[in-house]
Amino acid sequence: MPPLPSRMTKNRAQPTRYRPGKAEADDPASDEESSEEEEDARPVAAKAPPPKATSFPSQKKLAVDLSKAGQQSASATKTQAKAPHEDLEGFVTASESSVSEGEGGSGSSDEEGREESSEEEESSSDDEAAKPMLAPKFISKAKRTQQAPTTPTDSDKAGDEERLRREKADALLQAQLEREAAARAAGKKYWDDDDINPEDEVDDTDDLDPEAERAAWKLRELKRVKRDRETIEEKEREREEIERRRNMSVEEREEEDRRYIEAQKEDREGKGKMGYMQKYFHKGAFDFNGEGQDEEVKRALNRDLAGARFVDDTGDKQVLPEYMRMRDMTRLGKKGRTKYKDLKDEDTGRWGVDMRRKREFEGVDERFRPDDGYSGNQRTGANDVAVGERRRRDDDSGRDGKRTRYD
Amino acid sequence: MRAIYPAGKQLLPTTNMAHQADARRALDERGYTGALIRGDNPLKLFEKAVRDRIVDSYYWKEQCFGLNAATLLDRAVELNFIGGTYGVAQKPTPFLCLAFKLLQLTPDREIIEFYLQQGGEEFKYLRALAAFYVRLALEKDEEVYSTLEPFLGDYRKLKRRTREGWQITYVDQFVDDLLTKSRVCATTLPKLNPRLFLEDEDRLEPRVSALGEELEELDNDDGERANGQSDDNDEGRMNGHVDGNGLADSQPEDRSDDSMNGD
């Protein structure tokens, strides 16, 4: 059906969304449609003849079913009404039986509408029957005593369940309390949430071996005393050294210095020489030669950095092509490598070396020399014209005619 | 003797920051009106990172709230180990938290002395805690030395928690670290003049070792042997000085080590 022109727009009317808990906004168009649907459904439901099949519970029930369908909206109730009646199979309330009897009498008549209306009134009066609730049935005193034991068992069950639950809760609580007590006994504090492995902990009980402990303490104390004395000695030695040098004359000092430097050089010579473009590992700025250093540390610090060769070493880099001549071979082929090699190669100055070198086209045959004889190394700029004589023009002479010319 | 507080400053109960839920008021620069150590907030002796870890820890929040000097004693006697921060998350030890609390409280000298001496006789971790506080809080170098040096004779074991695991150390070793090293228990210790410097200035006497007479004997033995053969044990051997500066001259030694331990 085309959208009704109630809104006077060309836009399609969007269906209103269902939002739970919110009353649906009434749209006149939709209202009309739904009401039409309802009216269509009701006569349809009324017109459907009750099936005669025996699988259905009973005539009466079906009739009641149909009346219910008439009362409420079309599709949903059929299934709903069926279900409670199936539950209540064999259990018929007084009001229902009267209704069904009435129905049974006039069920086959054609005037369904009349029946419907009457049924509606009656069924609306006992709306309780629509719910799947067990209506209380009267039991005579004799039969009551038979049924008596069942009812207390229900309440008993409830009580039992509660008791069970309480007991379980108690048991849990008990277990937790016990665990806490055990943990506290073991010394674990409740603010301490890390698990200390008991094997890792060291034992700090005293007096396990008094003699050994005392001996250990004596050793420590002696070391401390020794350390103190050595600092004193060190200071003394330095003071003496300063005194000595002060008392020496200048020449003696220079002699000592020279000897010291030579000794240093000797040490350095023992180490290797740096190769061409060798990878250079700096020792680091914090190489102080303290006494508290490990043997390994000392060895590492005094290593021969220049003479070290390692497994992946490329050897002599002079034979490599220029592209591969880099200090750090791990950068080979990687992005972002600058072409900078070292200062010497980047230098564009001519430090007097070129003048003494052979000309480029010296030994080459005459045919292959450039046209202008020796312009190989010279300036190649665009405006590179040697400064020559100023070209005198004839009309130029009168420019500065007032001044005398002295050229 | 109130050596910790600046002269003339009364300590009012209201300025005691001990009962704040966390140390933030005490850490706040603007509002601090408590005692000063070296002219600054005592809590600033710990670095910011360490301070944050302490204040965020469970131990601090649960156990160190509202402590005073007496109740701190209860906590301190429950201490099991010393240490700074440990683990990946730099968790502070209870020892460090209590030291922080002590700095917050800045108790009197007498109380600290009590912790060190009488309390420390029975509880070695309390002694370690008080020694740590003394090293941090006392401003005069000679006082630090004179207070801590007697405990170089206490050789009880201490359990120490490092970043990686556990270590055994001793009370005398710990005190020695406090006097010599620059960083102990996650704190950079304030600068302390070396003992030699103080001796030269005559502010301190040369140290009397707890070994005392035994040291003298060793020295004499080595002195005799040094003239003859060279010997492995060169402790006490000096270049021409038989008894050096570090050794007392035949003073009557009471065996100070005996009086030190509570065994």
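Since we're looking at a predicted model, the values are computed, not measured.

Analysis parameters
Residues numbered from 1 in each chain as written. Chains lettered and ligands numbered in written order. Predicted model: local features only at pLDDT ≥ 70, side-chain atom pairs only at ≥ 80, totals over all residues. Heavy atoms only, no water. Helix = DSSP H or I, 4+ residues; strand = E, 2+ residues; numbered from the N terminus. Buried < 20%, exposed > 50% of the residue type's maximum accessible area, 1.4 Å probe, protein only. Areas by Shrake-Rupley, 256 points an atom, 1.4 Å probe, with all protein chains shown as cover. Phe/Tyr/Trp six-rings, centres within 6.5 Å; stacked < 30°, edge-to-face > 60°. pLDDT = per-residue confidence, 0-100. Contact = heavy atoms within 4.5 Å. Pairing = 2+ DSSP bridges. Salt bridge = Lys/Arg side-chain N within 4 Å of Asp/Glu carboxyl O. Axes fitted to C-alpha atoms, helices over the stretch in contact; angles between N-to-C directions. Parallel < 35°, antiparallel > 145°, perpendicular 65-115°, else oblique. Nonpolar A, V, L, I, M, F, W, Y, C, P; charged D, E, K, R; others polar. Expected span 1.5 Å × (residues − 1). Core = buried A, V, L, I, M, F, W, Y, C linked by side-chain atoms within 4.5 Å.

### Thoughts on the overall build of chain A
Inference 1: Looking only at helices and strands, chain A features twelve helices and zero strands.
Inference 2: For chain A, the α and β elements follow one another from N to C terminus as α-α-α-α-α-α-α-α-α-α-α-α.
Inference 3: Expressed as a percentage of its 407 residues, the buried residues of chain A come to 13%.
Inference 4: When the accessible surface of chain A is summed, it comes to about 35,100 Å², and 52% of that surface belongs to carbon and sulfur atoms.

### Here we look at the packing of aromatic side chains
Inference 1: Counted by the stated rule, this structure contains seven aromatic pairs over all chains.
Inference 2: For the pair W217 of chain A and Y155 of chain B, a centre-to-centre distance of 5.8 Å together with 35° between the ring planes defines the contact as tilted. Of this pair, W217 of chain A sits in helix 8 (residues 210–247) while Y155 of chain B sits in the loop between helix 8 (141–148) and strand 4 (157–161), placing the two residues on different chains. Here the two residues W217 of chain A and Y155 of chain B agree in accessibility, since each one is buried.
Inference 3: The interplanar angle of 40° and the centroid separation of 6.4 Å between the aromatic rings of F46 of chain B and F132 of chain B together place this pair among those described as tilted.

### A word on the confidence of the model for chain B
Residues shown with low pLDDT carry predicted positions that ought not to be read at fine detail.
Residue and element names in this part refer to chain B.
Inference 1: On average, residues of chain B score 79 in pLDDT, and 73% of them are at 70 or above.
Inference 2: Between the elements of chain B, mean pLDDT differs from a low of 44, seen in helix 12 (residues 256–260), to a high of 96, seen in helix 7 (residues 124–137).
Inference 3: Throughout residues 229–263 the model reports pLDDT below 50, and contacts reaching past four residues in sequence, or to other chains, amount to 56 contacts.
Inference 4: Of the two predicted TM-score estimates for the complex, the pTM is 0.51 and the ipTM is 0.74.

### Quick notes on the side chain of T162 of chain B
Residues and elements named next belong to chain B.
Inference 1: Counting through the fold element by element, T162 comes out in the loop between strand 4 and strand 5 (166–170).
Inference 2: Taking the relative accessible area as the measure of exposure, T162 reaches 16% and is therefore buried.
Inference 3: Residues in contact with T162, not counting those within four places in the same chain, are Y86 and Q167.

### Thoughts on the pairing of strand 5 of chain B
Residue and element names in this part refer to chain B.
Inference 1: Here strand 4 pairs with strand 5 via five bridges, running antiparallel. By the bridge assignment for strand 5, R160 is matched with Q167.
Inference 2: With antiparallel pairing between neighbouring strands as the criterion, strand 4 and strand 5 make up a hairpin whose turn holds four residues.

### Remarks on the pattern of salt bridges
Inference 1: By the definition in use, this model includes 34 salt bridges over all chains.
Inference 2: A salt bridge links E241 of chain A to R244 of chain A, with the shortest nitrogen-to-oxygen separation between them at 2.8 Å. Taken together, the positions of E241 of chain A and R244 of chain A, both in helix 8 and three residues apart, correspond to about one turn of that helix.
Inference 3: Taking the relative accessible area as the measure of exposure, E241 of chain A reaches 36% and is therefore partly exposed.
Inference 4: The shortest N-O distance in the salt bridge between R127 of chain B and D154 of chain B comes to 2.6 Å.

### Section: the packing of helix 4 (residues 69–77) of chain B against helix 5 (residues 94–105) of chain B
Residue and element names in this part refer to chain B.
Inference 1: Taken N-terminus to C-terminus, the directions of helix 4 and helix 5 make an angle of 170°; their axes are 11 Å apart at the nearest point. When the axes of helix 4 and helix 5 are compared, the pair comes out roughly antiparallel. Residues A69, L72, R75 and A76 of helix 4 pack against L98, K101, L102 and L105 of helix 5.
Inference 2: Residues of the contact of helix 4 with helix 5, tallied by class, amount to six nonpolar, no polar and two charged.

### Observations regarding the packing of helix 8 of chain A against helix 9 (residues 250–269) of chain A
Residue and element names in this part refer to chain A.
Inference 1: Here helix 8 crosses helix 9 at 125°, and the two axes come no closer than 8 Å. For the element pair helix 8 / helix 9, the angle class is oblique. Residues R244, R245 and R246 of helix 8 form the contact with helix 9, whose own contacting residues are R253, E256 and D257.

### Brief notes about the environment of L136 of chain B
All names here are of chain B.
Inference 1: Here L136 lies in helix 7.
Inference 2: What makes L136 buried here is its relative accessible area of 1%.
Inference 3: Along the backbone, L136 and L45 are 91 residues apart, and their C-alpha atoms lie at a distance of 7.4 Å.
Inference 4: Other than its neighbours up to four places away in sequence, L136 contacts I37, R38, L45, F46, L103, L189 and P190.

### Remarks on helix 8 of chain A
Inference 1: Taking 1.5 Å of rise per residue, the 38 residues of helix 8 of chain A would be expected to cover 56 Å, and the 55 Å separating its terminal C-alpha atoms lies within 8% of that figure.
Inference 2: Within helix 8 of chain A the residues assigned to the buried category are E213, R214, W217, R220, E221, L222, R224, V225, R229, I232 and E233 of chain A.

### Observations concerning the nonpolar core
Inference 1: Within the largest apolar cluster, 57 residues are counted, with the highest numbers of intra-cluster contacts made by F46, L72, F95, L98, F132 and F174 of chain B.
Inference 2: Where this core is concerned, the elements lending two or more residues are helix 2 (48–55), helix 3 (58–63), helix 4, helix 5, helix 6 (109–122), helix 7, helix 8 and helix 9 (171–180) of chain B.
Inference 3: No other element matches the eleven residues that helix 7 of chain B contributes to this core.
Inference 4: Those residues in contact with F95 of chain B that lie beyond four places of it in its chain are L79, F81, I82, G83, Y125, A128, L129, F132, F174 and C185 of chain B.
Inference 5: Counting seven residues, the second-largest nonpolar core is a separate cluster that includes W217 and L222 of chain A together with L211 and L215 of chain B.

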